[in-house]
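Examination of the molecular architecture
Given next are the chains, with one letter for each unit.
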Amino acid sequence: PFKLMPHNDSAIWGASSNEVVKMVYDENVWAIFGSISSDTTHIALRVTLKAETPIVNSASTDPTLPETIIPWYFTDIQDDRVQGYTLARHIYTELGLKRVAILRVNDRYGRFGVIKFRDASRRLGHPVAIEQKFMPGDTDFRRQLGVIQDSRVDAIVIWTDIGPAAAILQQMQKLGMKQRVFGSHRTIGDELVRLAGPAAEGFEAVYPYDPTQRNQKWLDFNNRCNARYHEKPDHFASLAYDAMQILLLSICRAGLNRGRIRDALTGLENYEGVTGEMVFDPN
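Computed from a predicted structure; not experimentally measured. (Residues numbered from 1 in each chain as written. Predicted model: local features only at pLDDT ≥ 70, side-chain atom pairs only at ≥ 80, totals over all residues. Heavy atoms only, no water.)

1. A word on helix α10 (residues 216-229)
Taking 1.5 Å of rise per residue, the 14 residues of α10 would be expected to cover 20 Å, and the 20 Å separating its terminal C-alpha atoms lies within 8% of that figure. Here α10 has its buried residues at Trp-218, Phe-221, Asn-222 and Cys-225. The buried residues of α10 all sit within an arc of 100 degrees when viewed along its axis, so they share a single face. Opposite the buried face of α10, at more than 90 degrees from it, the exposed residues are Gln-216 and Ala-227. Looking at the buried positions of α10, the neighbouring elements they touch are α11 (235-254). Measuring from the side-chain oxygen of the N-cap residue of α10 to the backbone nitrogen of Lys-217 gives 2.7 Å; that N-cap residue is Asn-215. His-230 sits one or two residues past α10 and shows a positive phi near 60 degrees. (Helix = DSSP H or I, 4+ residues; strand = E, 2+ residues; numbered from the N terminus. Expected span 1.5 Å × (residues − 1). Buried < 20%, exposed > 50% of the residue type's maximum accessible area, 1.4 Å probe, protein only. Arc of directions from axis to C-beta. Contact = heavy atoms within 4.5 Å. Polar contact = N/O pair within 3.5 Å; in protein donor to acceptor, adjacent residues only side chain to side chain.)

2. Notes on the sheet that holds strand β5 (residues 130-134)
Judged by pairing direction, the sheet is parallel, and its five strands sit side by side in the order β5-β4-β6-β7-β8 without closing on themselves. Where the open sheet ends on each side, the last strands, each with one partner, are β5 and β8 (204-205). Sheet topology places strand β4 (residues 100-105) next to strand β6 (residues 155-159); five bridges connect them, and they run parallel. If you follow Leu-103 over to β6, its bridge partner there is Ile-158. Contacting β4, β5, β6 and β7 (180-183), helix α8 (residues 162-174) crosses the sheet at an angle of about 155 degrees to β6. (Pairing = 2+ DSSP bridges. Axes fitted to C-alpha atoms, helices over the stretch in contact; angles between N-to-C directions.)

3. Some remarks on unusual backbone geometry
Residue Ser-35 is bonded to the preceding Gly-34 through a cis peptide linkage, with omega at 10 degrees. Residues other than glycine seldom take positive phi values, yet Arg-152 does so here, at roughly 55 degrees. With respect to the element layout, Arg-152 can be found in the loop between α7 (142-150) and β6. Judged by its relative accessible area of 65%, Arg-152 is exposed. The backbone of His-230 shows a phi angle near 60 degrees, a positive value even though the residue is not glycine. Tracing the sequence through the fold places His-230 in the loop between α10 and α11.

4. Quick word on the sheet that holds strand β1 (residues 32-33)
With respect to topology, three strands assemble into an open sheet ordered β1-β2-β3, the strand pairing being parallel. One side of each edge strand has no neighbouring strand; the edge strands of this open sheet are β1 and β3 (73-75). Relative to β3, strand β2 (residues 55-57) is paired through three bridges, and the arrangement is parallel. The residue of β3 that forms the bridge with Ile-55 is Tyr-73. Packing of helix α2 (residues 38-51) onto the sheet brings it into contact with β1, β2 and β3, and relative to β2 it is tilted by some 155 degrees.

5. What to know about the side chain of Gln-179
In this structure, Gln-179 sits in the loop between α8 and β7. On the basis of relative accessible area, Gln-179 is assigned to the buried category, the value being 12%. A polar contact of 2.8 Å, which involves the side chain of Gln-179, links it to the side chain of Gln-149. Sequence-distant contacts of Gln-179, that is, excluding residues within four places in its chain, are made with Gln-149, Val-153, Asp-154, Ala-155, Ile-156 and Met-172.

6. Focus: helix α12 (residues 258-266)
Three or more residues of α12 are buried, namely Arg-258, Ile-261 and Leu-265. Down the axis, α12 shows its buried residues gathered within 60 degrees of arc, on one side only. A distance of 3.0 Å separates the backbone nitrogen of Gly-259 from a side-chain oxygen at the start of α12, and that oxygen is part of Asn-257.

7. Re the packing of α11 against α12
Running from N to C, α11 and α12 point in directions that differ by 125 degrees, and their axes come no closer than 8 Å. On the basis of their axis angle, the class for α11 and α12 is oblique. Once α11 is placed against α12, the crossing between them reads as right-handed. In this structure, α11 contributes Ile-246, Leu-247, Ser-250, Ile-251 and Ala-254 to the contact, and α12 contributes Arg-260, Ile-261, Ala-264 and Leu-265. Each residue belonging to the contact of α11 with α12 can be placed in one class, and the counts come to seven nonpolar, one polar and one charged. (Parallel < 35°, antiparallel > 145°, perpendicular 65-115°, else oblique. Left-handed = near helix turned anticlockwise from the far one by under 90°. Nonpolar A, V, L, I, M, F, W, Y, C, P; charged D, E, K, R; others polar.)

Below, the structure written as structure tokens:
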């Protein structure tokens, strides 16, 4: 039998490190699962390096996480590097747009999330025309949108969560802004359509897998989620399910030995999950 030991996530460095230390040294867990916060994940990475404990992640997309080259880390979500390059290729190469603005939240997710998109834009010959930011919790984006409107851009890339994304789209509609709008994976979902209404029409965002696939594994997973929780699984739930299945499978194969669990995880090259076929690289 497996037992889950839940701990509260916190972006406060001291509180996060205390929780991670409790897991590893007090509860003697065999592996850590989480977190969505890149700050907390960075802290956990340092502890797992010292304690030699595998850490599995399905939500944090901070591109600096794999750059630490800490060999105890495993993830099944594409980081912001891949998302940024995908958006850049779509916007500049496939759609032929030239002048693009960035509107992002001013926290670690926003700061690090747009770096690779900005870099790819420059290398493709279309440096980002203007970058505007807002603080977490802000609800009025008219000042930033006014500045963007004056810069005469063709498109806007927003890097934030669903709530602010919906408000931005609604305020753009009220201001009569007609620019194409694109977003990171955390901006898209059923809640965006519910909150933004008609203002969400035409909005595009990167997504870590194809949610419209007719794969039987995916359909069965959706049916089970609907039966238990009375809602469709979003990408956080779906990728977490796949990552946890991979972790449990690795523990069953390796036995209760942290080093061997790590070897089973990092030795995985392919996995057919509910979200589709996954191919893992050395990072």
